[in-house]
Amino acid sequence: MSFTLPDLPYAHDALQPFMSRETLEYHHDKHHLAYVNNGNNLLKGTEWEGKSLEEIVKGSFGKNAGLFNNAGQHYNHLHFWKWMKPNGGGKIPGAVEKALVDGFGSVEKAKEDFIAAGTTQFGSGWGWLAVKDGKVVAMKTPNGESPLVHGATPILGVDVWEHSYYIDYRNRRPDYLKAFVESMVNWDYVAELYAAATK
Ligand code: MN3
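The rules behind the values
Residues numbered from 1 in each chain as written. Predicted model: local features only at pLDDT ≥ 70, side-chain atom pairs only at ≥ 80, totals over all residues. Heavy atoms only, no water. Helix = DSSP H or I, 4+ residues; strand = E, 2+ residues; numbered from the N terminus. Rg over C-alpha atoms; globule rule 2.2 N^0.38 Å. Buried < 20%, exposed > 50% of the residue type's maximum accessible area, 1.4 Å probe, protein only. Contact = heavy atoms within 4.5 Å. Areas by Shrake-Rupley, 256 points an atom, 1.4 Å probe, with all protein chains shown as cover. Lys, Arg positive; Asp, Glu negative; His and termini not counted. Charge placed at Lys NZ, Arg CZ, Asp CG, Glu CD. Pairing = 2+ DSSP bridges. Donors = N, O, S within 2.8 Å, 3.2 Å for Na, K, Ca; no water. Axes fitted to C-alpha atoms, helices over the stretch in contact; angles between N-to-C directions. Parallel < 35°, antiparallel > 145°, perpendicular 65-115°, else oblique. Left-handed = near helix turned anticlockwise from the far one by under 90°. Salt bridge = Lys/Arg side-chain N within 4 Å of Asp/Glu carboxyl O. Phe/Tyr/Trp six-rings, centres within 6.5 Å; stacked < 30°, edge-to-face > 60°.

(A) The arrangement of the overall build of the protein in detail. Scanning the protein from N- to C-terminus turns up eight helices and three strands. Sequence-ordered secondary structure for the protein, helices as α and strands as β, is α-α-α-α-α-β-β-β-α-α-α. Taking 199 residues into account, the globule formula puts the C-alpha radius of gyration at 16 Å, and the protein, at 16 Å, falls close to it. C-alpha extents for the protein along the principal axes are approximately 50 × 40 × 30 Å. Evaluated residue by residue, the protein yields a buried proportion of 49% over its 199 residues. For the protein, the share of sequence-separated contacts (at least 6 apart) that also reach a separation of at least 24 residues comes to 65%. By element, 51% of the accessible surface of the protein is carried by carbon and sulfur atoms, the whole surface being about 9200 Å². Each charge class in the protein was averaged separately, 20 positive and 23 negative side chains, and the resulting centres sit 3 Å apart.

And the structure:
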């Protein structure tokens, strides 16, 4: 398959004031597009041409750094746009709420550990909630990596590359993460991925 840039599932200004139109114009229209274009060029002539995105991400990890970085970031961003919505945050669907209590002791602790993962990822990368061995855990990964290449299935991820928050939050990454959790997360999409990961 070849990679294509999806449309954002909302208008560029729909996440304001938590994420600006300018951030999404750069992040989606330019950064994600570059991963798509570079990924397509690097995929040509490799053994992964014609494979699914997840197979490309897992297969190229540790074997073809250029392809992996771009395919991994394409995978991460495809989900990232859907992990946010206008008027996000708020009520967590029952099945996910139960899984967070099982995994962390409470929803508050789950949010805290997720924010801590994103805060302590040194340099560019991602913070995650992922299903590992049937339980939801918090993880962090550098650059374009994701739980997918570490034996787990991502159900929520937040981009902590500076391009995701520097226009709106400058160096205040923890404030961006707090706003992400409280005002941007699309928990219905998290629930969809959690159901798929645990069926
Ligand atoms: Mn990004």
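(B) The pairing of strand E2 (residues 135–142), seen in detail. Bridge count between strand E1 (residues 125–132) and E2: eight bridges; the pairing is antiparallel. Its bridge partner lying in E2, Trp 126 is registered against Thr 141. Between E1 and the antiparallel strand that follows it, E2, lie two residues; Asp 133 among them carries a positive phi value of about 50 degrees.

(C) Highlighting the coordination of the manganese ion. Binding of the manganese ion to the protein goes through His 27 (NE2), His 77 (NE2), Asp 159 (OD) and His 163 (NE2), at separations of 1.9 to 2.2 Å. Within one chain, the residues donating to the manganese ion are spaced in sequence as H-x49-H-x81-D-x3-H. Taken together, the positions of His 77 in helix H3 (residues 65–82) and His 163 in the loop between strand E3 (153–159) and helix H6 (166–169) put the pair 86 residues apart, joining distant regions of the chain. Of the two residues, His 77 and His 163, both sit in the buried class.

(D) Geometry of the pairing of E3. Buried residues dominate E3, accounting for six of its seven residues. As paired strands, E1 and E3 are joined by six bridges and run antiparallel to one another. Pairing of Trp 126 across the sheet is with Asp 159, part of E3.

(E) Broad picture of the sheet that holds E2. Read from one edge of the open sheet, three strands run E2-E1-E3, paired in antiparallel fashion. One side of each edge strand has no neighbouring strand; the edge strands of this open sheet are E2 and E3. Adjacent strand axes in the sheet meet at a mean angle of 25 degrees when their direction is disregarded.

(F) Local environment of the packing of helix H2 (residues 53–60) against H3. At their nearest, the axes of H2 and H3 sit 9 Å apart, and the two run at 140 degrees to each other. As far as their axial angle goes, H3 and H2 are oblique. Two packed elements cross with a definite hand, and for H2 against H3 that hand is left-handed. Taken together, the residues of H3 that come into contact with H2 (itself represented by Leu 53, Glu 54, Ile 56, Val 57 and Ser 60) are Leu 67, Phe 68, Ala 71, Gly 72, His 74, Tyr 75 and Leu 78.

(G) Local environment of the pattern of salt bridges. For the structure shown, the criterion picks out seven salt bridges. Across the pair Asp 13 and Arg 21 runs a salt bridge whose closest N-O atoms are separated by 3.5 Å. Its relative accessible area of 38% is what places Arg 21 among the partly exposed residues. Ionic pairing is found between Asp 175 and Arg 172, a salt bridge with its closest N-O pair at 2.7 Å. Using a relative accessible area of 40% as the deciding quantity, one classes Arg 172 as partly exposed. Among the charged side chains, a salt-bridge network with shared partners connects Asp 13, Arg 21 and Glu 25.

(H) Structural view of the packing of aromatic side chains. Using the criterion set out here, one finds 11 aromatic pairs in the structure. Ring centres of Phe 61 and Phe 68 lie 4.9 Å apart, and the angle between their planes is 55 degrees; this geometry places the pair in the tilted category. Overall, the relative accessible area of 30% leaves Phe 61 in the partly exposed class. Residue classification places Phe 68 among the buried positions, given a relative accessible area of 4%.

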